[in-house]
Amino acid sequence: MCANKQGGNSMKRNFLSLILVFAMVMGLTACGSANNVENTVDDAQSSDTTDKVVEIEFVQVKREAGDTYTKLIEKFNETHPNIIITQNVVPDAQEVLMTRASADNLPDMFNHWPTDAQYVQFAQEGLLLDQSGESYLSNVEQNYIDVMKDEEGHLYIVPYNMNYMGLYYNVDLFSEAGFEEPKTWDALMTIAQQIKDKGETAFLLPNKDSWTVSQLFLNIEGKDLGSHTDIYAKMSNGETSFAEIPEYKDALEKMIQLFDFTEADSLAYGYDQAINDFANGNGWMFIQGNWALPSIKAANPDVNVAMIPLPNDNGDMIQNTGADSGFCINAKMADEPEKLAAIEEFIGFLLSTEGAQIYTDLDQSPSCVKGVVLDVPELAGMNKYIEENGAVLDTASLPIGFEDTKRGKIQNIFIDKDVDGLLAELSEDFKQAVSEEQ
Amino acid sequence: MQKGKSAKKQKKIKKSSKVMFLFTLPTVFLYTMFFSITMIIGVYYSFTNWNGISKDYKMVGFKNYITVLKDGRFRNALGFNVVYTILLVAFIIFLSLLIALALNKVTRFSTFFRSIFFIPAVISMVTVGLIWNELFYRAVPLLGQFLGIEWLKTSLLGNPKLAIVGILIVNLWQGCAIPTVLFLAGLQSVPKDLLEAAKIDGANSWKRFTNVTIPYIIPILNMVIITQAKAGFTIFDYIKVMTNGGPGQSTEAIGLLIYRHAINEGKFSRSVAESMILFVIVGAISILALKLTSNKQVGE
C-alpha cells in the first residue's frame, strides 16, 4: 500500500514539474520569437519588388517639434507612400543616443543640435555620413552650410532652422498694468519689483530643469559677449577663463537678482509646468527661446505674448542666433543604398521650400532654407531689433562633457549664491574637459 | 543490517545532491556570463581611456582611479551615500521589525494586512518615484500649510537640505516591504515554548525580545543589513526620476555620478573605475557585517 501511495504521488509530481518546465521554456522562446516575427514580415514586404517598402527610423530629439514632424511625414507620404518613416521621440534624447552609440546601434537618421558637444563627438568618431555632396544642399542658404562644414570640408549635419533666446512677456497683463517694454536691465528690475508688490510672480524660472538654468546664463552673458568662438578658443589655450571674464560674473549676479522675483519653489519647478503657467497667465514674464512659443500657444491658444531681446545694462544688446537643429545620417547607411536613397528623398523634401515652409509655420523659428517666410506676430519685437541692429551667428561649441558638468553645477548659484566659487569651479572643469579631449 | 542502510542512505544523498547541483547550473551560467565576465571586461576598460563610442583607445593604467579618488565631486557623492545608507539601514530595520512584530500578533484578516504592506514592493521603482514626485510637489505642501510647518510648505525635493529626506521617505515606503516579510517569517521560527518559558521565569517583553527572539532572527538581520547597505550605496532609480542629482548637487549619489560620467559626459572608462571602487566598498561592508554577527546567531 505504501509503495502505491508513493508511486501515485511521484507520478503527480513528475507531471507537475513537466508542465512547469514546459511553461518556462515557452516563456523563454516567446521572448526570442518577437524579433523573428518582425523579420519575416520585412522579408515578405521587401520580396515584392514592384512596390518596395523601405522603413527608416528617424530619432527626433526636439520633443516640442514632435507634432510638426508628424505633419511633415504625412505630407511626405502623399508623394512617397512606400517610404515609411518612423519618428521616434524620447525624453532625454541625448542619453538615449549615447547609449545606442556605445552599443553600435544608432538610428538610420536623426536630428541634433549642431553646437552640441555630443554631435561634435559623433562627427569626430566617424559615426555620421558626409553629406557635402548631396543635391538638396542647393536649397539651403550657403552661409549656414559653410559654417557647419569641418576643416576638411565634410558636412556631417545639414542645418535646418535657427534659434534665438530672449524675453517673453504677457501683453495683456503688461498693458493692463501700464508697463512698457523694458529696454535696459534696470527698467526690467523696476517692472519686476512692481509686479512683486502686486503679489504676483514676475519671472517663471523652471530651475528644476538644469538645462533652462544653463541657457539662462548663456542668454544673459550672450547679450554682452556675442559670439563665443574666440572666447572658447582662448579658454582652450589657457589664455582666459570664466573667472577672468567680467561679463560671466555679471551674468551670475543678474541670475541671483532674478531669483528674488520668481516662484518660491523654483528649484522643484519644471519646464513643462512653467509653459503651462505662463500660457495661463500665472506669471508675467518667461525668459526662454523661440522654441517655446509653439508649446505656449498649444497650452493656451488665446494667450497674448510677445518676445523681445533680454535687456542688458546699457540697452545695446548683442542678439545671438544659433543653429537650432539639423539632420544627421548614420554612416552605416553608405552600405544600404536603398535606405540611403529613401533618407535622401525625405531630407530633400524637408529642405524643399514647400516642406521647410510647413515646418517654419508650425515651429515658428527662422529657417535655413531659401525662400521661406517667417511671419509670427509674437516674434515681431525680436525681428525688428534684429533688422535694426543685426544678429550674430554663434556657432561655438563647448568641449565634450562640459555642458553636462555645467548643468550639474549651475543650480548651485541659486542655493549658495557663491559667484566667485562657481566661476572658479567652471574654469577648472573647462580645463579638465579640454585636457580629456586630447 | 546497519551497514546496508547507511550505504543506501549515502547513495540517496549522492543522487539528490547531484540533482541539486544540476539545478544550480543555469543560474551559475547566467551569473558567469552576465556578471562575472562583464565585470572583468569592465575592469579591463577601466585601465583605458575609452570614451564609449570611439573605435580605438589607449591603455592608461591607474590614471582613471587616481582621477576619481582625487575628484571632490566623487568624495561628495561618497559622503552622500554614507549618510544615506546609515539612515536607510537604521530606519528600514526599525520600521520593518516593528511592522513584522505587529503583523505577527494580528490573527484576523492577517492575509489582508500582509498584502497591504507588501504591495509597494511590486510596483517598479521608477513608477513609485514619479508618483511621489507629484505628491511632493502638490500634496505635501498642502499638508505643510495645514500644519503650519515652514519647511514642509514647499516641495521637499526642491530644498537642497531636505531632498535627501524626500528620497529616503520614498525608499522606506517601498523598501520596507520585503524586509517585513522576511522578519515575519523569522519571527514565526522562534519556538513558542521558549518564549513561554521565559515569561514564566519572569522576563518582561523587552527582555524576551532581546534574549530569545533576536538570536533567532540574526541571520535575517544580517541579510537585511547587507542588502539594504548595498541598496543604499547603489541608489539610483529614485534619484534619477525625482531630483536628477539636484537641487545643485545635493542628491548626487555615486550611482548617479557613474551614470552621468558614462552617458552624459562620455567618460565611460572613468565611470567603470568609479563602479569598481563602489564594488570594493560594498564588498567590504558586507564582509564586515557578516563577521560582526557570525558568532551571535543561534546554532553557532
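Source: prediction; values computed, not measured.

Asker: What is the right way to read the environment of F122 of chain A from this model?
Answerer: Residue and element names in this part refer to chain A. Tracing the chain through its elements places F122 in helix 4 (residues 117-124). Take F122: there are 24 C-beta atoms within 10 Å of it, and that puts it in the buried class. For F122 and L106, which are 16 residues apart along the polypeptide, the C-alpha to C-alpha distance reads 10 Å. Those residues in contact with F122, other than ones at most four positions away along the chain, are A101, L127 and L128.

Asker: Looking at this structure, I do not really get helix 2 (residues 66-79) of chain A. What am I missing?
Answerer: Note that an α-helix has 3.6 residues per turn; residues three or four places apart therefore point the same way. All names here are of chain A. Taking 1.5 Å per residue, 14 residues should reach 20 Å; helix 2 reaches 21 Å between its end C-alpha atoms and fits that length. Regarding helix 2, the residues found buried are Y69, L72, I73 and F76. With its buried residues spanning 100° around the axis, helix 2 presents them on a single face. In helix 2, those exposed residues whose orientation departs by more than 90 degrees from the buried face are E74 and E78. Contact partners of the buried residues in helix 2: strand 2 (83-88), helix 13 (337-350) and helix 14 (353-363).

Asker: Mind showing me how you'd approach the domain arrangement of chain A here?
Answerer: Interface size is often expressed as the accessible area that is lost when the parts come together. All names here are of chain A. By the assigned domains, chain A splits into domain 1 (54-163 + 323-376) and domain 2 (165-318 + 398-437). If you average the C-alpha positions of domain 1 and of domain 2, the two centres end up 28 Å apart. Across the contact, 10 residues belong to domain 1 and 12 residues belong to domain 2. Secondary-structure elements contributing two or more residues to the side of domain 1 that touches domain 2 are helix 4 and helix 14.

Asker: I'm lost on the nonpolar core in this one. Help?
Answerer: One broad rule of soluble globular proteins: the nonpolar side chains tend to lie buried together. Judged by nonpolar contacts, the single largest core of 160 residues is most densely connected at F203, M285 and F346 of chain A. The element that contributes the greatest number of residues to this core is helix 3 (residues 72-105) of chain B, accounting for 10 residues. Setting aside its immediate chain neighbours within four residues, M285 of chain A contacts L167, Y168, Y169, A202 and F203 of chain A.

Asker: Sorry, what's going on with the environment of N244 of chain B here?
Answerer: Summarising the element assignment, N244 of chain B is placed in the loop between helix 10 (237-242) and helix 11 (254-264). Each C-alpha atom of the pair N244 of chain B and A100 of chain B lies 33 Å from the other, and the pair is 144 residues apart in sequence.

Asker: Can you walk me through the interface of chain B and chain A in this structure?
Answerer: Between chain B and chain A, the contact holds 21 residues from the first and 24 residues from the second. Here the element with the most residues in the side of chain B that touches chain A is helix 11 of chain B; it accounts for three residues. Looking at the side of chain B that touches chain A residue by residue, the class counts come to seven nonpolar, 11 polar and three charged.

Calculation criteria
- Residues numbered from 1 in each chain as written.
- Chains lettered and ligands numbered in written order.
- Predicted model: local features only at pLDDT ≥ 70, side-chain atom pairs only at ≥ 80, totals over all residues.
- Helix = DSSP H or I, 4+ residues; strand = E, 2+ residues; numbered from the N terminus.
- Buried ≥ 20, exposed ≤ 12 C-beta atoms within 10 Å, placed from the backbone.
- Contact = placed C-beta atoms within 7 Å.
- Expected span 1.5 Å × (residues − 1).
- Arc of directions from axis to C-beta.
- Domains from an automatic or database assignment.
- Core = buried A, V, L, I, M, F, W, Y, C linked by C-beta atoms within 7 Å.
- Nonpolar A, V, L, I, M, F, W, Y, C, P; charged D, E, K, R; others polar.

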